[in-house]
Amino acid sequence: MRTGKIIEIHCQCGFLLFRYFKAGKGRLIKCLIPRLSEDFVGLKGAATASKPRCPSCDKELGIIQMVHGEPALKLNQGTIRGIRI
Ligand SMILES: [Zn+2]
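Residues numbered from 1 in each chain as written. Predicted model: local features only at pLDDT ≥ 70, side-chain atom pairs only at ≥ 80, totals over all residues.

(A) Local environment of the overall build of the chain. On a plain count of helices and strands, the chain comes out with 0 helices and 6 strands. Secondary structure elements in the chain, listed N-terminal to C-terminal, are β-β-β-β-β-β. Since a compact globule built from 85 residues should have a radius of gyration of about 12 Å, the 12 Å found for the chain is in line with a globular shape. Summarising its shape, the C-alpha atoms of the chain cover approximately 40 × 30 × 20 Å along the three principal directions. Sorting the 85 residues of the chain into buried and exposed places 18% on the buried side. (Helix = DSSP H or I, 4+ residues; strand = E, 2+ residues; numbered from the N terminus. Rg over C-alpha atoms; globule rule 2.2 N^0.38 Å. Buried ≥ 20, exposed ≤ 12 C-beta atoms within 10 Å, placed from the backbone.)

This is the structure:
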């Protein structure tokens, strides 16, 4: 059985950006986009190397990169509010 849980990712401004299935423990560095369970930003379908912004405060959330053949958002740690696991 796969272990992990759904976590909520918020912007510093408090906007709920997405819900994500996080496997294992540790700090969240990248989010694989196919693993988002809810996406309030429109990350699904975002182009590689694009920089999605918070719909509320317009800060950059990170950059879209390909990781093992899947699109992922490399998080801008300064924009994402601390995540407790
Ligand atoms: Zn924001």
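Text resumes after the structure shown.
(B) Local environment of the sheet that holds strand E2 (residues 16–23). One open sheet accounts for 3 strands, arranged E1-E2-E4; its pairing is antiparallel. Each edge of the open sheet carries a strand with a single partner, namely strand E1 (4–10) and strand E4 (36–39). Taking the axes of each pair of neighbouring strands and ignoring which way they run, one obtains an average angle of 10° across the sheet. Pairing of E1 with E2 involves 7 bridges; the strand directions are antiparallel. From the neighbouring strand, Ile7 faces E2, where its bridge partner is Tyr20. (Pairing = 2+ DSSP bridges. Axes fitted to C-alpha atoms, helices over the stretch in contact; angles between N-to-C directions.)

(C) Spatial organisation of the nonpolar core. Core analysis: the biggest nonpolar cluster contains 14 residues, and Leu17, Phe18 and Leu61 have the highest contact counts within it. In terms of residue count, the dominant contributor to this core is E2 (3 residues). Filtering out sequence-adjacent residues up to four positions away, Phe18 remains in contact with Ile9, Leu36, Glu38, Asp39, Phe40, Val41 and Leu43. (Core = buried A, V, L, I, M, F, W, Y, C linked by C-beta atoms within 7 Å. Contact = placed C-beta atoms within 7 Å.)

(D) Representation of the sheet that holds strand E5 (residues 62–67) in the model. Here 3 strands make up an open sheet; going across it, the order is E3-E6-E5 and the pairing antiparallel. A single partner strand is all that each edge strand has here, and the edge strands are strand E3 (30–32) and E5. Strand-to-strand twist of the sheet, defined as the mean angle between neighbouring strand axes without regard to direction, takes the value 30°. Across 6 bridges, E5 lies against strand E6 (residues 70–75) in antiparallel orientation. Bridge pairing links Gly62 to Leu75 in E6.

(E) Inspection of the pairing of E2 at higher detail. With antiparallel pairing between neighbouring strands as the criterion, E1 and E2 make up a hairpin whose turn holds 5 residues, including Gly14 at a positive phi of roughly 100°. As paired strands, E2 and E4 are joined by 3 bridges and run antiparallel to one another. When the bridges of E4 are listed, Tyr20 appears paired with Leu36.

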